[in-house]
Structure formats: C-alpha cells, structure tokens
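For reference, the chains in residue letters:
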Amino acid sequence: MRAVITVVGKDRVGILAKVSAICAACNANVNDVTQSVMQDMFAMIMMVDISRISCDFKEIQVKMNQLGEEMGLQIHVMHEDIFNSMHRI
C-alpha cells in the first residue's frame, strides 16, 4: 500500500526534512520524491510505502496537517487508491 503526500507553500529551510521525519517516525518508507522551487514557492510530491506503518493512517494525516499549519504550508496525505480513483474520471 502506498500514499501520496503533496506539499505546497512558500519555500524555507527544512520542509523536506520535517515531512520525512514524520514519515520515519511512523515507519512509512519514502519511495520517491520530486520537488521544485519556483522563485519562492515550494512544491513537492512524495510516494510513500505505508504497508508497514507503526500508527494509524489517520495519525499520519493529522501530523502532516499540524506541520502544515506550523510552517504555513498546504500538506495533503492521500491513500494511493483514492488518488488513482480521483484521476481516472
């Protein structure tokens, strides 16, 4: 099972590190990352293996939402099945 994490907002030091730290704390393995910085805007998409997470999936979503609020970012965590379903229509 995988999840898609998207992050968008004003660029600053530590975004990738803090998002990755939450993944590591929950035993979610980051499989792929793509990121761009356009002028002062940061955009990132992560594909994360959640098959062996050590917490509830909802807990990861809550932690990422809290981080987003603290850093002024939009962070969304979506199960891959939902992501794929949304983009088939």
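Placed above this text is the structure.
Residues numbered from 1 in each chain as written. Predicted model: local features only at pLDDT ≥ 70, side-chain atom pairs only at ≥ 80, totals over all residues. Heavy atoms only, no water.

When you look at the packing of helix 1 (residues 15–25) against helix 2 (residues 57–71) in this model, what are you seeing that I'm missing?
A pair of packed helices can be characterised by two numbers: the angle between their axes and the separation between those axes. For the pair helix 1 and helix 2, the least separation of the axes is 10 Å and the interaxial angle reads 160°. Of the possible angle classes, the one that applies to helix 1 and helix 2 is roughly antiparallel. Like other packed secondary-structure pairs, helix 1 and helix 2 cross with a definite hand, here right-handed. Contacts from Ile 15, Lys 18, Val 19, Ile 22 and Cys 23 of helix 1 reach helix 2 at Lys 63, Met 64, Leu 67 and Met 71. (Axes fitted to C-alpha atoms, helices over the stretch in contact; angles between N-to-C directions. Helix = DSSP H or I, 4+ residues; strand = E, 2+ residues; numbered from the N terminus. Parallel < 35°, antiparallel > 145°, perpendicular 65-115°, else oblique. Left-handed = near helix turned anticlockwise from the far one by under 90°. Contact = heavy atoms within 4.5 Å.)

Can you help me understand the environment of Arg 52 in this one?
With respect to the helices and strands, Arg 52 occurs in the loop between strand 3 (41–49) and helix 2. For Arg 52 and Gln 66, which are 14 residues apart along the polypeptide, the C-alpha to C-alpha distance reads 22 Å.

Would you explain a nonpolar patch on the surface in this entry?
Taken together, the side chains of Val 8, Met 38 and Met 41 present a nonpolar region at the surface, about 280 Å² in accessible area. Mapping Met 38 onto the fold places it in strand 2 (residues 29–38). Overall, Met 38 belongs to the exposed group, its relative accessible area being 55%. (Patch = residues over 30% accessible without salt bridge, like charges linked within 9 Å, V, L, I, M, F, W, Y side chains within 5 Å. Areas by Shrake-Rupley, 256 points an atom, 1.4 Å probe, with all protein chains shown as cover. Salt bridge = Lys/Arg side-chain N within 4 Å of Asp/Glu carboxyl O. Buried < 20%, exposed > 50% of the residue type's maximum accessible area, 1.4 Å probe, protein only.)

What is the right way to look at the side chain of His 79 in this model?
Positionally, His 79 belongs in strand 4 (residues 73–79). Taking relative accessible area as the criterion, His 79 reaches 18% and is therefore assigned buried. If sequence neighbours within four positions are ignored, His 79 has contacts with Met 1, Arg 2, Ala 3, Ile 50 and Phe 57.

How should unusual backbone geometry be read in this particular structure?
Peptide bonds are trans in most cases, and residues, glycine excluded, mostly fall at negative phi. In this structure, Asn 27 takes a positive phi of about 60° despite not being glycine. For Asn 27, a relative accessible area of 44% corresponds to the partly exposed category. A positive phi angle, near 55°, is found at Gln 39, a position not held by glycine. With respect to the helices and strands, Gln 39 occurs in the loop between strand 2 and strand 3. A relative accessible area of 80% means that Gln 39 is categorised as exposed.

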